[in-house]
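# Fold and contact review
The lines below spell out each chain.
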Amino acid sequence: MARSEGSITATIGALALLVGVFAPLADVDVYGSVSLFDLSETQGLLLLAAASATLYAVFTASTRWLWLCALGAWVGLLYPLVKSWLTPRDESALGQLQDALTSAASDAFADVFGDVVMDITHLRWGGGVLLAGCVLLTVAAVRRR
């Protein structure tokens, strides 16, 4: 197995993502400690796919694909933001009325739900591991050049 510049960094970043997805992310009063995979399975699967693709790229010496793995990791980490950017907006009068009604209903539900259930008391170490994994994959992709 040929080692390129940045392959060790990429491996450590991928392992950090694999650990970070299942590591404790926050303490919630009602549920206790939750991981990213507990909160958003889709987001967790995106990060697991990016980590797996990175390990495959490193162990097959195809490190030219590391930039794509790093991009996938960042998309996985920032999935809720990306999803809201890509959601089409309905500009018609009916669409605006529907948006107003659903936002009023969701705001009321979010207030009750947020006050009772989602009282996050402490952030845990899992978020730092995820962020470190994404940064390490980005560094590995840049160093590969």
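Preceding this section is the structure that the text describes.
All of the points below concern the structure found in this document. Per-chain numbering applies: the sequence of each chain, read as written, is numbered from 1 onward. At least 70 in pLDDT is required for a residue's local features to be given in this predicted model, at least 80 for side-chain atom pairs to be given and counted, and no such filter applies to totals for whole chains, interfaces and linings, which use all residues. Hydrogens and water are ignored here; the side-chain numbers use all heavy atoms of the structure.

### Digging into the pairing of strand S1 (residues 24-28)
Relative accessible area decides the class of each residue, using a 1.4 Å probe on protein chains only: under 20% of the type maximum gives buried, over 50% gives exposed, and in between gives partly exposed. Only DSSP runs of H or I with at least four residues qualify as helices, and only runs of E with at least two residues qualify as strands; both kinds are numbered from the N terminus onward. Among the five residues that make up S1, five are buried, leaving the element largely enclosed by the rest of the structure. By definition, two strands form a pair when at least two bridges between them are found by DSSP. Pairing of S1 with strand S2 (residues 32-35), which is carried by four bridges, proceeds in the antiparallel orientation. By the bridge assignment, Val28 is partnered in S2 with Gly32. In this structure, the hairpin formed by S1 and S2 is closed by a connection of three residues.

### Quick look at the nonpolar core
Judged by nonpolar contacts, the single largest core of 22 residues is most densely connected at Ala10, Leu17, Leu47, Leu66, Ala73, Leu130 and Leu137. Of all elements in the fold, only helix H1 (7-22), helix H3 (41-59), helix H4 (66-77) and helix H7 (126-144) reach the threshold of two or more residues within this core. Ranked by residues supplied to this core, first place goes to H3 with seven residues. By definition, residues are in contact when any of their heavy atoms lie within 4.5 Å. Filtering out sequence-adjacent residues up to four positions away, Leu47 remains in contact with Leu17, Val21, Leu36, Ala73, Gly76, Leu77 and Leu130. As used in this record, nonpolar core signifies buried Ala, Val, Leu, Ile, Met, Phe, Trp, Tyr and Cys residues forming a set joined through side-chain atoms within 4.5 Å.

### Examining the side chain of Ser40
Note that Ser40 resides in the loop between helix H2 (36-39) and H3. The class for Ser40 is buried, based on a relative accessible area of 18%. Side-chain polar atoms of Ser40 contact the backbone nitrogen of Gln43, separated by 3.3 Å. Within 3.5 Å is the distance limit for a polar contact, defined as a pair of N or O atoms, with the added protein rule that one can donate a hydrogen and the other accept it, and that residues adjacent in sequence qualify only through two side-chain atoms.

### Focus on H1
An expected span of 1.5 Å times one less than the residue number is assigned to each helix. In a regular helix each residue adds 1.5 Å, so 16 residues correspond to 22 Å; H1 covers 23 Å between its end C-alpha atoms and thus fits that length. Residues Ser7, Thr9, Ala10, Thr11, Gly13, Ala14, Ala16, Leu17, Gly20 and Val21 constitute the buried set of H1. Those residues of H1 that are buried lie in contact with S2, H2, H3, H4 and H7.

### Details of the environment of Ala23
Positionally, Ala23 belongs in the loop between H1 and S1. Classification of Ala23 as buried rests on a relative accessible area of 3%. For Ala23 and Val34, which are 11 residues apart along the polypeptide, the C-alpha to C-alpha distance reads 8.1 Å.

### Concerning the packing of H4 against H7
Direction vectors running N to C along H4 and H7 enclose 155 degrees, while the axes themselves pass 8 Å from each other. Taken together, the axis directions place H4 and H7 in an arrangement best described as roughly antiparallel. Between H4 and H7 the crossing geometry is left-handed. Mapping the contact onto sequence places Leu66, Trp67, Cys69, Ala70, Ala73, Trp74 and Leu77 in H4 and Leu130, Leu131, Cys134, Val135, Leu137, Thr138, Ala140 and Ala141 in H7. Note on residue classes: Ala, Val, Leu, Ile, Met, Phe, Trp, Tyr, Cys and Pro are nonpolar, Asp, Glu, Lys and Arg are charged, and everything else, Gly too, is polar. Counted by class, the contact of H4 with H7 contains 14 nonpolar, one polar and no charged residues. Note on definitions: angles span 0 to 180 degrees between N-to-C directions of axes, and those axes are lines fitted to C-alpha atoms, for helices only across the stretch in contact. Should an angle fall under 35 degrees it is called roughly parallel, over 145 degrees roughly antiparallel, and 65 to 115 degrees roughly perpendicular, with every other angle called oblique. Definitions for this section: a left-handed crossing has its near helix turned counterclockwise from the far helix by less than a right angle. A right-handed crossing has that turn clockwise.

Interpretation in functional terms is not warranted from these geometric data alone.
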